[in-house]
Amino acid sequence: MNTALKQLAVGLSGSHFDEMVMRLAMQLAERSHASVDAYLIRPVPDDPQLLLASGFLGETFKTFFQEAEKTIAAFDVTARASFDAVKSKFPDTKARYHNPLKDLAREFTTAVWSADLAIMAHPALVNLHYYKNAVLDTIADSARPVLLLPEEKRLGDFKHVLVLWRADTHHAQALSAALPMLALADQVTIVSRDDEESLHPGGAVAMQYLTAHDINAQTVTVDTDTRLTPKVIEALCDERDISLLVIGGGLQSDLIDSFVTGIGRRASKKPNRALLAIG
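Moving on to the overall build of the protein. A tally of helices and strands in the protein yields 10 helices and 10 strands. Per-residue burial over the protein gives 51% buried out of 279 residues. In the protein, the share of contacts with a sequence separation of at least 24, taken over all contacts with a separation of at least 6, comes to 77%. Carbon and sulfur atoms make up 51% of the accessible area of the protein, which amounts to about 13,700 Å² in all.

Written out as structure tokens, the structure reads:
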């Protein structure tokens, strides 16, 4: 199996977080000899027919779209400036910037199909509804791992990665999808619960898989009375100085919901470390 990252898709928000996201993407690209395509995640104006039906007529209707275009243009200026500033420091790495012509948040999701990995700021940082939706769409529909970054002061070097493992098909697929990022780590820790009903208790299967791919891995198994809640997981990460947390299980996973979207499908609190979410 090819464990290399060759193509990265970066979602930019038009905020001051773009420079941090681009810098991390270019560092990964330089390390793995990959190419980078960066896309502006654009605001999505409301449906014109709905606006007309709601009474947005004449000058009000015209003004709304003029202001929407001004907003998109301002985000584009910020995102493009961040892209250019970072790219100039990596002259040997191939990178392109795109401002999609269609006002569709889902367009980034389809662009990710051509990449090995999507990279975005965590939605708790970019507190905009359309951006949060773009993150959720990418996790659910891109069929690729999505690397969500914390604030720069919390961004680690990915030397120690923690993988949450459950004995099911979703997590087996997630383990395979995460392999390119795990191959970059010095140490991978697999955390699971001791399930007596499983044919392979703990993280034995995950450990076997990673060992076969020359990943330096170890297992941590919690007892059956301990639930792997976000609080327990954060404590394990702090204890082991984890800089990247890998969570699979699909968008409906309770842990992805906790670490990405929060209660009521809103973004959770600002993350303490990078998160690799696999839908």
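So much for the structure itself; the text now carries on.
As enumerated under the stated definition, the model contains three cavities of 30 Å³ or more in all. Looking at the second largest cavity, its volume works out to about 40 Å³. Around the second largest cavity, the lining residues are Val 163, Leu 164, Trp 165, His 171, Ala 174, Leu 175, Val 246 and Gly 248. Secondary structure elements with two or more residues in the lining of the second largest cavity: β6 (160–164) and α6 (169–177). By residue number, the principal contributor to the lining of the second largest cavity is α6, which donates three residues. Of the residues assigned to the lining of the second largest cavity, the class counts are six nonpolar, two polar and no charged.

We now examine the packing of aromatic side chains. Using the criterion set out here, one finds two aromatic pairs in the structure. Note on Tyr 39 and Phe 108: the rings are 5.9 Å apart at their centroids and 65 degrees apart in plane angle, and the pair reads as edge-to-face. You can see Tyr 39 sitting in strand β2 (residues 35–40) and its partner Phe 108 sitting in helix α4 (residues 107–111), a full 69 residues away along the chain. For the residue pair Tyr 39 and Phe 108, the accessibility class agrees, reading buried in each case.

Let's shift gears to the confidence of the model for the protein. The pLDDT averaged across the protein works out to 85; a share of 81% of its residues lies at or above 70. Of all helices and strands in the protein, the one with the weakest mean pLDDT is helix α2 (residues 48–53) (45), whereas strand β4 (residues 117–121) scores best (98). With pLDDT under 50 throughout, residues 46–54 is counted as low confidence; its partners more than four residues away or in other chains account for 11 contacts.

In total, this model carries eight salt bridges according to the counting rule given. A salt bridge links Arg 23 to Glu 152; the nearest nitrogen and oxygen atoms lie 2.4 Å apart. Of this pair, Arg 23 sits in helix α1 (residues 18–32) while Glu 152 sits in the loop between β5 (146–149) and β6, and the two are 129 residues apart along the sequence. If you follow the salt bridges from partner to partner, you end up with Glu 19, Arg 23 and Glu 152 in one network.

The contact between helix α9 (residues 230–239) and helix α10 (residues 254–261) brings their axes to 11 Å, and the two run at 70 degrees. One finds that α9 runs roughly perpendicular with respect to α10. The residues of α10 that touch α9, namely those facing Pro 230, Ile 233 and Glu 234, are Leu 255, Ser 258 and Phe 259. For the contact of α9 with α10, a count of residues per class yields four nonpolar, one polar and one charged.

Cut-offs applied
- Residues numbered from 1 in each chain as written.
- Predicted model: local features only at pLDDT ≥ 70, side-chain atom pairs only at ≥ 80, totals over all residues.
- Heavy atoms only, no water.
- Helix = DSSP H or I, 4+ residues; strand = E, 2+ residues; numbered from the N terminus.
- Buried < 20%, exposed > 50% of the residue type's maximum accessible area, 1.4 Å probe, protein only.
- Contact = heavy atoms within 4.5 Å.
- Areas by Shrake-Rupley, 256 points an atom, 1.4 Å probe, with all protein chains shown as cover.
- 1 Å grid on protein atoms, 1.4 Å probe; cavity = no way out; pocket = protein on both sides within 12 Å on 5 of 7 lines; lining within 4 Å.
- Points joined across faces, edges and corners; volume = space filled by probe spheres on them.
- Nonpolar A, V, L, I, M, F, W, Y, C, P; charged D, E, K, R; others polar.
- Phe/Tyr/Trp six-rings, centres within 6.5 Å; stacked < 30°, edge-to-face > 60°.
- pLDDT = per-residue confidence, 0-100.
- Salt bridge = Lys/Arg side-chain N within 4 Å of Asp/Glu carboxyl O.
- Axes fitted to C-alpha atoms, helices over the stretch in contact; angles between N-to-C directions.
- Parallel < 35°, antiparallel > 145°, perpendicular 65-115°, else oblique.

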